[in-house]
Structures are given as C-alpha cells and as structure tokens.
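# Observations on chain architecture
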Amino acid sequence: MRALHGTTTAAILGLAFTSLVPAMAQTPPPDVIDPAPTAADWAALGKLPDWSGTWFPDITDQDKQITTNPVPWKPEVQPQVAFWDKEEKEGRPRGLLLNCLPHGMPSLILITHNANEFLFTPGRVTLLGESDGNRLRRIYTDGRKLPDDPDPNFHGTSVGHWEGDTLVVETRGILPQVFLAISEAVGVPLGEGAVVHERIHLIAPDTLAHDLVIEAPAILTRPWETRRIYYRNRKRSYDIVEGVCRQGDFEEGTDKWGNKIYVPTHQQDGNILPPPAK
Amino acid sequence: MIRKTLIAALVALSAAGVAQAHHSFAMFDPAKVVTLQGRVKEYRWVNPHVALLLDVTAPGNAGGVWAVELTSPGNLTRLGWSRKSLKVGDRVAVEVNPLRDGQHGGGFRKLTLLDTGQVLQARLIDIEKNAAGGH
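This structure is a prediction, so every number in the text was calculated from the model and none was measured. (Residues numbered from 1 in each chain as written. Chains lettered and ligands numbered in written order. Predicted model: local features only at pLDDT ≥ 70, side-chain atom pairs only at ≥ 80, totals over all residues. Heavy atoms only, no water.)

### Things to note about the overall build of chain B
The line we're drawing: Runs of H or I in DSSP of at least four residues are treated as helices and runs of E of at least two as strands, each being numbered from the N terminus. Contacts are assigned to residue pairs that have any heavy atoms within 4.5 Å of one another. Calculation of accessible area relied on Shrake-Rupley with a 1.4 Å probe; when residues are assessed, cover is drawn exclusively from the protein chains displayed.
When helices and strands are tallied, chain B shows 3 helices and 6 strands. For chain B, the share of sequence-separated contacts (at least 6 apart) that also reach a separation of at least 24 residues comes to 58%. Just so you have it, chain B exposes about 6,300 Å², and 56% of that area is on carbon and sulfur atoms.

Here's what the structure looks like:
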C-alpha cells in the first residue's frame, strides 16, 4: 500500500512537472563533463612554447601605436575621443578605471601598465595580470566552440588553439560598457557585437607580441589591427604580486576595540589628498 | 630632422616615465616641479598607488601635509623599493609635479633621504628598459 501510494505520488509529480515544461523558456544545453587530464595531456604541455616568467608591457610602444596606427573611430564617435583627449591634455583626465571595474578586453592588453603571466594547464591557457585581482582571462584550448550566445562579461568568453607556436584566440560576449581605451583617460564603450581576435607569439626569445584584430562595429569603421609588445623578465622582483584595486581607497585605522581596520581615505577623483584641516 | 626625432623620442620616454597604473597623471602639472622638504608622516604600500604623506616644513602656503602618489608596489619592487624603504619620521626632500588645482597633492618624481643622501626614483621607463633587457 505504501509502495502504491509512493508510485501514485511520483506519477502526480511527474504529470505536474511535465505540465510545467512548456512554460519553461528552453531546455538548457547538455552540461558536458570534461575528462580528467591524463599524464600524456600534462606531458604535451612541454611541447608548447615557453611563456614562463613575467611579461611587462612596452608602454612607450603603446603610446606610439596610438599615433602611428590610430583607431579607426567612426566619424560620430571621433568627437567623443577628441573631447576626452582634450580634457586629459588640459589636466582634467577622466578616470576610466577609477571605479575599479576590470579593464576588460581588449583594453587589458592594449593599455595596461602592469605585468602579466601565463599558466598552461591541459585544455586551457590562463592569463593573470598584476595590480588587480580581477585581471584574469581563461582561454580554453580544449577544442570547444564558442557558445552561440555567451553571457556578456568584462573579458568576454575566449577559445583558442595552437597554430605551431602561435596561440590563436577569439573572444566574444564582451559587455558593451567595456571601454576601447587608448589611455587611462580616453576611451569609448565598445557597444554591442565586439569581437577580438588575437595571435600571441614570441618574436624574440624574451619578446611576446599580441597581434590583435578588434571588431567593434558600433564605434569603428573597420576592424582595427594593432600589436602590443611584452618583455619577459625572470628576476624574482618581477614575480606577480597581489593587487587589490580598492585597497587604495582606504587607510589603516583602529576600531573602538583596538582592532586594525580599514577606513575610507581622503581623496578626490582618485587622488589621495591630505586629510582636511580640522 | 634628427633633432626633431630625438625630441619626440625624449617626450615619449618622459611620458612613459611618469605614466602610472590605473589613472592618468594629467591632473598633475608636468611643467611644474616642487621640492617638498619635511618628514614622512605616512608611507602607504598599497595598490594601485603607493602613497606618501609628508609633513612639509616650508613657510606659507606650501607648508602642511602633502600627499604624493607613486606607482604600484609591484612596479616599485622592480625598482628596488620595498615597504621598508621609508619610515615615519624620515627627513626627506621629494620632487613632485603638483596638482594643478593648488591642493597639496603631487605626482612623485624623486626622493632624497636627507640623512643618508640616498636617492629613490620610480620611473616606469626604467622597469620597461630592465624588462626589455630581459632576464
């Protein structure tokens, strides 16, 4: 009896669930389970080019690229760029990154003044940037396709594959609010539909080139091809260190129990200022 | 022509030299250099900008507390700095590009520890050059 009762309940629940199905938007895609990497998968990493060490951007060349290979802004976007450029030149820079949201792609590669590093694991290349915990890109190299409609995020969704010693990466699904930045004070939100193509490869034993093709149809007249250079250093002083963007918004203080705490610091537009006179 | 190219190169180098992580330093006036003499009041070894608060002993408006911004701890480490490079009370002379709006803030250029004569610099171009040198 108890068994029959259970069966009846299950049947009713089943009917109820079935009747709910048409109301659901769509069936989620199958959740693929990745196989555990094998010893051969780990060994295969040894055949990839050596990108170990810390990579520091060529900042001088970043600036040079902007003047020698300018961004093909749409005519209607150009006045915005001119406005922010003038604001910076006149000493009123807009702080694109002051809110401590990530640079996002492709600005992380284009304008960073901080080092980054690569981690190779089976099926994935991970890029970690210094100075913010949020400078993190996962580039899947396990053969998966880009999803049709990835949830937008700051660094987009990236898949890559190796062509010889070159990592070829495609990135889509970047939030339209992410800036296409040419400096920390001048940039325009990417808008919808941006795609970033990268070919990352060594051009000298300790020089890495990111060759980028940036499609941003909302703001560019054509895809922008540009290169960013990074130099390797293996000194331990170049090891990536932790960086928490908002830490600078606080100073050390003490609560009423004597615990060490952080309290907001005095600042204006991202500049630390002396405490106001009492 | 060569002279023009050389000047352009120097300008580019100096721009990279003062460029900092995270925000433009255009709010500081690169055409003005002020030397602040005083004592270290606070030395904050934090991201994204290390900050130095100085008790400046200059007379008149320049006296009082000044806040000076530097690059990140990671970048300063590569230039030989550490969180122990300065301590509260150190007598220093600090060259800064002051805030354009007249407030007591500045972008760091160079520091001299007056008791030892040691000079500390923080130019990103030097890190870039070291990195380009490799290894």
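Still more to cover.
### Section: the interface of chain A and chain B
Accessible area lost upon the coming together of the parts serves often as the stated size of an interface. Cut-off, in case you're wondering: The term buried area refers to how much accessible surface (probe radius 1.4 Å) is lost by two components on association, counted for both of them together. By definition, a salt bridge exists where a carboxyl oxygen of Asp or Glu is found within 4 Å of a side-chain nitrogen of Lys or Arg. N or O atoms closer than or at 3.5 Å make up a polar contact, with two conditions inside protein: a donor-capable atom paired with an acceptor-capable one, and, for residues adjacent in sequence, both atoms drawn from side chains.
Tallying the contact residues gives 48 residues for chain A and 41 residues for chain B. Here chain A meets chain B over a buried area of about 3,500 Å², counting both sides, of which 55% is carbon and sulfur. When the area that chain A buries against chain B is broken down by residue, the three leading residues are A:Tyr238, A:Asn271 and A:Ile272, summing to 15%. Linking B:Arg44 and A:Glu251 is a salt bridge whose minimum nitrogen-to-oxygen distance equals 3.0 Å. Taken together, chain A and chain B are joined by 10 residue pairs in polar contact (both at pLDDT 80 or more). Every element with two or more residues in the side of chain A that touches chain B is listed here: strand E1 (54-57), helix H3 (59-68), helix H4 (78-89), strand E11 (224-233) and strand E15 (271-272) of chain A. If one sorts the elements of the side of chain A that touches chain B by residue count, E11(A) sits on top with 3 residues.

### A word on the domain arrangement of chain A
All names here are of chain A. Definition in use: What fixes the domain bounds is an automatic or database domain assignment.
Domain boundaries in chain A define domain 1 (46-238) and domain 2 (244-278). Placing a centre on the C-alpha atoms of domain 1 and another on those of domain 2 gives a separation of 32 Å. Taken together, the contact pairs 4 residues of domain 1 with 5 residues of domain 2. Each partner contributes to the roughly 360 Å² buried at the junction of domain 1 and domain 2, and carbon and sulfur atoms together form 70% of this total. Ranking the residues of domain 1 by area buried against domain 2 places Leu98, Cys100 and Asp132 at the top, with a combined share of 80%. Linking domain 1 to domain 2 there are 0 salt bridges. The interface formed by domain 1 and domain 2 holds 0 residue pairs in polar contact (both at pLDDT 80 or more) in total.

### Topic: the packing of aromatic side chains
Residues and elements named next belong to chain A. Keep this limit in mind: Aromatic rings from Phe, Tyr and Trp, taking only the six-membered ring of Trp, are treated as a pair when their centres fall within 6.5 Å; an angle between ring planes under 30 degrees marks them as stacked, one over 60 as edge-to-face, and anything in between as tilted. Relative accessibility thresholds used throughout: buried, under 20% of the residue-type maximum; exposed, over 50%; partly exposed, between the two (1.4 Å probe, protein chains only).
Going through the model one piece at a time under the given rule, you end up with 10 aromatic pairs over all chains. Considering the side-chain rings of Phe250 and Tyr262, the 6.4 Å spacing of their centres and the 50° angle between planes classify their relative orientation as tilted. One end of the pair, Phe250, is in strand E12 (residues 250-254); the other, Tyr262, is in strand E13 (residues 260-264), with 12 residues separating them in the sequence. What makes Phe250 partly exposed here is its relative accessible area of 25%. Counting every residue linked through ring pairs, the aromatic cluster contains Trp51, Phe118, Phe120 and Trp162.

### Thoughts on the pattern of salt bridges
Residue and element names in this part refer to chain A. With the rule as written, the count across this model stands at 21 salt bridges over all chains. A salt bridge links Arg232 to Asp50, with the nearest nitrogen and oxygen atoms 3.9 Å apart. Of the two residues, Arg232 is situated in strand E11 and Asp50 in the loop between helix H2 (39-44) and E1; the sequence distance between them amounts to 182 residues. Overlapping salt bridges bring together Asp50, Asp206, Arg232 and Arg234 as one network.

### Examining the environment of B:Pro48
With respect to the helices and strands, B:Pro48 occurs in the loop between strand E1 (34-44) and strand E2 (51-56). Between the C-alpha atoms of B:Pro48 and B:Ala122, which are 74 residues apart in sequence, the distance is 14 Å.

### A short note on the state of the cysteines
Residue and element names in this part refer to chain A. Rule in force here: The disulfide definition used here is simple: a pair of cysteine sulfur atoms within 2.5 Å.
For the structure shown, the criterion picks out 1 disulfide over all chains. Paired by a disulfide, Cys100 and Cys245 hold their sulfur atoms 1.9 Å apart. Judged by the torsion about the S-S bond (-75°), the Cys100/Cys245 disulfide is left-handed. With Cys100 in the loop between H4 and helix H5 (107-111) and Cys245 in the loop between E11 and E12, this residue pair connects regions lying 145 residues apart in the sequence. For the pair formed by Cys100 and Cys245, the shared burial category is buried.

### Topic: H4(A)
Residue and element names in this part refer to chain A. Put simply, the rule reads: Here a helix's expected span is defined as the number of its residues, less one, multiplied by 1.5 Å. Along the arc lie the directions from the helix axis toward the C-beta atoms.
Counted at 1.5 Å a residue, the expected span for H4 with its 12 residues is 16 Å, and the 16 Å between its end C-alpha atoms agrees. Restricting attention to buried positions, one finds in H4 the residues Val81, Glu87 and Glu88. Down the axis of H4, the smallest arc covering the buried residues is 130°, so these residues share one side. Across H4 from its buried face, at more than 90 degrees, point the exposed residues Pro79, Lys86 and Lys89. In the core, the buried residues of H4 are packed alongside strand E8 (187-189). Gly91 sits one or two positions beyond H4 and adopts a positive phi of about 90°.

### A look at the side chain of A:His201
Residue and element names in this part refer to chain A. Note that His201 resides in strand E9 (residues 195-204). A polar atom in the side chain of His201 sits 2.8 Å from the side chain of Asp211. Once residues within four sequence positions are removed from consideration, His201 is found in contact with Trp51, Asp165, Thr166, Thr207, Leu208, Ala209, Asp211 and Arg227.

### So, empty space enclosed by the protein
Quick reminder of the rule: The rule is simple: put a 1 Å grid over the protein atoms alone, call a set of points where a 1.4 Å probe fits but cannot get out a cavity, call an open set with protein on both sides within 12 Å along at least five of seven lines a pocket, and count a residue as lining if it has an atom within 4 Å of a point. Grid points are joined across faces, edges and corners, and a volume is the space filled by probe spheres set on the points. Residue polarity follows a fixed list, in which Ala, Val, Leu, Ile, Met, Phe, Trp, Tyr, Cys and Pro are nonpolar, Asp, Glu, Lys and Arg are charged, and the others, Gly among them, are polar.
All chains considered together, the criterion is met by 1 cavity of 30 Å³ or more. Put simply, the largest cavity is a space of about 40 Å³. Considering only residue class, the lining of the largest cavity consists of 3 nonpolar, 3 polar and 2 charged.

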